[in-house]
Amino acid sequence: MATATRRTAAGVAAMVLAVTACSTSAAPELAAFDRPATSEDAVPEYVDVDPQLDEVRYIGAADGALVYAAQGQADQPWCVLVVVARSVEGGDWVAGFSCADGDDFAQGGVRIAVRDAQGRDGEALLLPDDFAGEVEAGWEIVEPNLAVPVES
């Protein structure tokens, strides 16, 4: 009886491992980090990039905002940085970033919203490669890794 119990327990453990392996999702990826940085990836000189951000890559533009992907800290390695610059003279620009862990990034991306002194917004949603989910209502995917609010 003890041998049968051990076999049953081993079988159940093997099934649990198999189900767990099938249900875990693959780590998210962002191909922009697979290539060397270019001059296009450089954040404007007037923006002081937070030291916790590394490996910045340009993703696209959204309604006057420049959108970058960046690698962050180990617990939240997926970051989006947005720069809204209507006019650099006089400091008419704003920048901000937001980061997410791998699970959150894989499921829904990482979102940022900034507002300048005149109340103009810059919003973006950075998405992983091969994103198969749906973006929330009022947003549209405009680049492979970028979604923006739909203008109303």
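Residues numbered from 1 in each chain as written. Predicted model: local features only at pLDDT ≥ 70, side-chain atom pairs only at ≥ 80, totals over all residues. Heavy atoms only, no water.

Asker: Lay out the sheet that holds strand E5 (residues 110-115) in plain terms, naming residues and giving numbers.
Answerer: Sheet architecture is open: four strands sit in the order E5-E6-E8-E7, paired in antiparallel fashion. One side of each edge strand has no neighbouring strand; the edge strands of this open sheet are E5 and strand E7 (139-143). In this sheet, adjacent strand axes meet at a mean angle of 30 degrees when their direction is disregarded. Pairing analysis gives six bridges linking E5 to strand E6 (residues 121-126), with the strands arranged antiparallel. (Pairing = 2+ DSSP bridges. Helix = DSSP H or I, 4+ residues; strand = E, 2+ residues; numbered from the N terminus. Axes fitted to C-alpha atoms, helices over the stretch in contact; angles between N-to-C directions.)

Asker: How would you summarise the packing of aromatic side chains if you had to cite specific residues and measurements?
Answerer: With the rule as written, the count across this model stands at four aromatic pairs. With a centroid separation of 5.6 Å and an interplanar angle of 70 degrees, the aromatic rings of Tyr 58 and Tyr 68 are classed as edge-to-face. Remark: Tyr 68 occurs in strand E2 (residues 65-71) and Tyr 58 occurs in strand E1 (residues 54-62); sequence separation between them is 10 residues. By relative accessible area, which is 2% here, Tyr 68 ends up buried. Consider the rings of Trp 78 and Phe 105, whose centres lie 4.7 Å apart with planes at 10 degrees: the pair is stacked. Of the two residues, Trp 78 is situated in strand E3 (residues 78-87) and Phe 105 in helix H2 (residues 102-108); the sequence distance between them amounts to 27 residues. We note that Trp 78, like Phe 105, is buried. Site record: aromatic cluster; members linked through ring pairs are Phe 33, Trp 78 and Phe 105. (Phe/Tyr/Trp six-rings, centres within 6.5 Å; stacked < 30°, edge-to-face > 60°. Buried < 20%, exposed > 50% of the residue type's maximum accessible area, 1.4 Å probe, protein only.)

Asker: Give me the lowdown on the layout of surface pockets, citing residues and values where you can.
Answerer: Gaps left between atoms show up when a probe the size of a water molecule is rolled over them. Computed from the structure, the largest pocket encloses a volume of approximately 210 Å³. What lines the largest pocket is simply Ala 62, Asp 63, Asp 121, Gly 122, Glu 123, Val 148, Pro 149 and Glu 151. Among the secondary structure elements, those contributing two or more residues to the lining of the largest pocket are E6 and strand E8 (146-149). It is E6 that contributes the most residues to the lining of the largest pocket, three residues altogether. Among the residues forming the lining of the largest pocket, the class breakdown is three nonpolar, one polar and four charged. (1 Å grid on protein atoms, 1.4 Å probe; cavity = no way out; pocket = protein on both sides within 12 Å on 5 of 7 lines; lining within 4 Å. Points joined across faces, edges and corners; volume = space filled by probe spheres on them. Nonpolar A, V, L, I, M, F, W, Y, C, P; charged D, E, K, R; others polar.)

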